[in-house]
Amino acid sequence: MDFVNVADLGHDGLAEVLDLAAEVKTNRASVAGSRKGLRVGLFFEKPSTRTRVSCEVATTDLGMVPFVLKQDEVGLGKREAVEDVGRVLDRYLDVLAFRVFDHQNLVALADNAEAPVINLLCDLEHPCQALADLQTVAEHRPLAGATVAFIGDGNNVCNSLMIAGTMMGTNINVASPAGNEPTEAMLATARAGATGGAEIMVTNDPAAAVAGADAVYTDVWASMGQEDEAAARKAKFEPFQVNSELFEQAADDAIFMHCLPAHRGDEVTDAVADHARSRIFDQAENRMHAFKALLLYLTRD
Ligand code: CP
Ligand code: NVA
């Protein structure tokens, strides 16, 4: 089975991976070396710190062998057709994990490899991030009935959080500038998979999204590959900054979340990023536990 879209796990699979992530965090030694000898490809078409290192550490903790590949050497879709890269790597490796620009390349890889294909971020989704995000929310309060406010661009991180969150019964309030809301297709996927009456609010008003929320989440205004749009986006997204005034409108015990890297002073102020209730580094740590749980799940007998 592949993990190209966060919904690929289904409700029960997602619940199992999240339980496993909590378990391996508490008892790291319990699964050490338990997948000895399996080989994992980790491919990056874009920069990465957390994903690259957390996935490499999770892999080696399980006794698996990571092979890190970069676009400048592989030339995915340039030096070689995406389909052929999938067919070739499938002959060597037991898991193929890819960070790419175009979601369709993940679909092509999955269609041409028997090994599980994992999405390490693309234009549409960041499903491994969503696993760590939900693990972090669950450490604060039960997912069912919780409300997470996502403030910013309705793209990859928002999409996976929205779909995975509602699958687990978490309400998601999204506040984006007009034109940067999640697409109707992504909203439809999220609504179709929602459990426990979880609801999605989409608004252009950050205060409306944050009011009473259990967690406030933001992401960069210009994603990787959108650097030339940064100035125009900054002007458009300025009213969506998560600062103390906005954060104070959430629940009294609300946590702050960010997938990182953060552009401090843009989408979040230092006061919020470094707040006593900021959980951004727990989130980053959870990337490792969540990826380990995912690997265990995808390579089980
Ligand atoms: N959150 C995240 O995916 O970080 P990196 O881009 O550093 O991997
Ligand atoms: N939306 C951001 C997430 C980085 C982890 C990007 O795609 O660059």
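Residues numbered from 1 in each chain as written. Chains lettered and ligands numbered in written order. Predicted model: local features only at pLDDT ≥ 70, side-chain atom pairs only at ≥ 80, totals over all residues. Heavy atoms only, no water.

## Regarding the side chain of asparagine 159
Thinking step 1. The residue asparagine 159 is located in helix H7 (residues 156-167) in this model.
Thinking step 2. Every residue in contact with asparagine 159, bar those within four places of it in the chain, is listed here: Leu124, Gly154, Pro182 and Met186. (Helix = DSSP H or I, 4+ residues; strand = E, 2+ residues; numbered from the N terminus. Contact = heavy atoms within 4.5 Å.)

## Quick word on the pairing of strand E2 (residues 65-70)
Successive residues of a regular strand alternate their side chains across the two faces of the sheet.
Thinking step 1. The pairing of strand E1 (residues 39-44) with E2 spans six bridges and is classified as parallel. By the bridge assignment for E2, phenylalanine 44 is matched with lysine 70.
Thinking step 2. At this point the chain moves from E1, through helix H2 (residues 50-61), to the parallel E2, and the crossover so formed is right-handed. (Pairing = 2+ DSSP bridges. Right-handed = clockwise from strand over helix to strand, strands pointing away.)

## Things to note about unusual backbone geometry
Thinking step 1. For the bond from leucine 260 to proline 261, the omega torsion is 5 degrees, close enough to zero to count as cis.
Thinking step 2. Unlike most non-glycine residues, leucine 121 shows phi in positive territory, near 120 degrees.
Thinking step 3. Phi angles above zero are rare outside glycine, and leucine 260 is one such case at about 65 degrees.
Thinking step 4. With respect to the helices, strands and loops of the structure, leucine 260 is situated in the loop between strand E9 (255-258) and helix H12 (270-273).

## So, the side chain of glutamine 135
Thinking step 1. Take glutamine 135: it is sitting in helix H6 (residues 127-140).
Thinking step 2. Judged by relative accessible area, glutamine 135 falls into the buried class, the value being 4%.
Thinking step 3. The contacts of glutamine 135, once residues within four sequence positions are left out, are Leu18, Ala21, Ala22, Lys25, Asn286, His289 and Ala290. (Buried < 20%, exposed > 50% of the residue type's maximum accessible area, 1.4 Å probe, protein only.)

## Some words on the site of ligand 2
Thinking step 1. Around ligand 2 sit Leu121, His126, Asn156, Val157, Asp219, Val220, Ser223, Met224 and Leu260, and that is every residue in its neighbourhood.
Thinking step 2. With respect to ligand 2, the side chain of asparagine 156 contributes an N or O atom lying 2.8 Å from an oxygen atom.
Thinking step 3. Separating a nitrogen atom of ligand 2 from a side-chain N or O atom of aspartate 219 is a distance of 2.7 Å.
Thinking step 4. Contact with the protein chains removes 95% of the 270 Å² of surface that ligand 2 exposes when unbound.
Thinking step 5. Partitioned by chemical class, the residues of the shell around ligand 2 number five nonpolar, three polar and one charged. (Near = heavy atom within 4 Å. Polar contact = N/O pair within 3.5 Å; in protein donor to acceptor, adjacent residues only side chain to side chain. Areas by Shrake-Rupley, 256 points an atom, 1.4 Å probe, with all protein chains shown as cover. Nonpolar A, V, L, I, M, F, W, Y, C, P; charged D, E, K, R; others polar.)

## Let's talk about the sheet that holds E1
Thinking step 1. Spatially, the four strands line up as an open sheet ordered E2-E1-E3-E4, and their pairing is parallel. Each edge of the open sheet carries a strand with a single partner, namely E2 and strand E4 (117-119). Along the sheet, successive strands turn relative to each other by an average axial angle of 20 degrees, direction set aside.
Thinking step 2. Here strand E3 (residues 95-99) pairs with E4 via three bridges, running parallel. In the strand pairing of E4, alanine 97 is matched with isoleucine 118.
Thinking step 3. Seen against the sheet, H2 touches E1, E2 and E3 and runs at an angle of roughly 155 degrees to E2. (Axes fitted to C-alpha atoms, helices over the stretch in contact; angles between N-to-C directions.)

## Details of the sheet that holds strand E6 (residues 171-175)
Thinking step 1. Strand order in the open sheet formed by five strands is E7-E6-E5-E8-E9, and the pairing between neighbours is parallel. Lying at the two open borders of the sheet, with one neighbouring strand each, are strand E7 (200-203) and E9. Strand-to-strand, the axes of this sheet are offset by a mean angle of 20 degrees, without reference to chain direction.
Thinking step 2. Relative to E7, E6 runs parallel, the two being bridged by four bridges. For asparagine 173, the partnering residue across the bridge sits in E7 and is methionine 201.
Thinking step 3. In this fold helix H13 (residues 280-298) packs onto strand E8 (215-218) and E9, with an angle of close to 50 degrees to the strand it touches most, E9.

## A short note on the nonpolar core
Thinking step 1. Counting residues in each nonpolar core, the largest one holds 60 residues, and the members touching the most others are Phe3, Leu14, Ile118, Leu120, Phe291 and Leu294.
Thinking step 2. A per-element tally of this core places H13 first, with nine residues.
Thinking step 3. In contact with leucine 294, not counting residues within four places along its chain, are Phe3, Leu9, Val17, Ile118, Cys128 and Leu131.
Thinking step 4. With 20 residues, the next largest nonpolar core counts Ala175, Phe256, Val268 and Ala273 among its residues. (Core = buried A, V, L, I, M, F, W, Y, C linked by side-chain atoms within 4.5 Å.)

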